[in-house]
Amino acid sequence: MPIYEYELVEGESCRACGGHFELRRPMDRPELTACPLCKKPVRRVISAPNTPRVAKPLSVSDAKKAGFSVLKRRDKGVYEKL
Ligand SMILES: [Zn+2]
């Protein structure tokens with residue numbers, strides 16, 4: 001189930017949700033328009049779903065561990081698989 005990130009449209013503070021929260025919702029549910037806790041209007045924060053936030057930039061080895069193929073740009077239009 002994807003995790004969606006929401007923030008309050010107006011104001012930053014909310015005692016119930018902190019003004020910013022993440023919610024796990026089924027894909028087929030309609031977009032959330034109000035905080036389920038305080039009922040204030042919210043908007044979705046667009047971020048890559050299911051991607052844990054990383055404080056530091058990913059290194060090549062981290063990316064490989066996560067199952068990515070790491071491509072390095074060598075020349076115009078030429079990528080080398082590392
Ligand atoms: Zn709230």
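Here, every reference points to the structure presented above.
One structure accompanies this document, and this report is about it. (Residues numbered from 1 in each chain as written. Predicted model: local features only at pLDDT ≥ 70, side-chain atom pairs only at ≥ 80, totals over all residues. Heavy atoms only, no water.)

Turning next to the overall build of the protein. A count of helices and strands for the protein gives 1 helix and 5 strands. Reading the protein from its N terminus to its C terminus gives the helix and strand order β-β-β-α-β-β. The 82 residues of the protein split such that 21% are buried. Of the contacts formed within the protein by residues at least 6 apart in sequence, a portion of 35% connects residues at least 24 apart. (Helix = DSSP H or I, 4+ residues; strand = E, 2+ residues; numbered from the N terminus. Buried < 20%, exposed > 50% of the residue type's maximum accessible area, 1.4 Å probe, protein only. Contact = heavy atoms within 4.5 Å.)

Moving on, we come to the side chain of Glu-5. Mapped onto the elements, Glu-5 comes out in strand S1 (residues 3-8). For Glu-5, a relative accessible area of 8% puts it in the buried group. A polar side-chain atom of Glu-5 sits 2.7 Å from a polar atom in the side chain of His-20. (Polar contact = N/O pair within 3.5 Å; in protein donor to acceptor, adjacent residues only side chain to side chain.)

The next point concerns the coordination of the zinc ion. Metal coordination angles in their ideal form are 109.5 degrees for the four-donor tetrahedron and 90 or 180 degrees for the six-donor octahedron. In the first shell of the zinc ion, the protein supplies Cys-14 (SG), Cys-17 (SG), Cys-35 (SG) and Cys-38 (SG), at 2.2 to 2.5 Å from the metal. One way to put it: the 4 donor atoms around the zinc ion meet at angles of 87 to 162°, and that makes the site square planar. In terms of primary sequence, the donors binding the zinc ion are separated according to C-x2-C-x17-C-x2-C. Looking at Cys-35, the relative accessible area reads 1%, which means it is buried. For Cys-38, a relative accessible area of 23% gives the class partly exposed. (Donors = N, O, S within 2.8 Å, 3.2 Å for Na, K, Ca; no water. Tetrahedral: all angles 85-135°; square planar, octahedral: opposite > 155°, others 65-115°.)

With that out of the way, let us pick up the sheet that holds strand S3 (residues 42-45). Strand order in the open sheet formed by 3 strands is S2-S1-S3, and the pairing between neighbours is antiparallel. Of all the strands in the sheet, just strand S2 (20-24) and S3 have a single pairing partner and so form its edges. In this sheet, neighbouring strand axes are inclined to one another by 35° on average, regardless of whether the strands run parallel or antiparallel. Relative to S3, S1 is paired through 4 bridges, and the arrangement is antiparallel. Residue pairing for S3: Glu-7 is matched across the bridge by Arg-43. (Pairing = 2+ DSSP bridges. Axes fitted to C-alpha atoms, helices over the stretch in contact; angles between N-to-C directions.)

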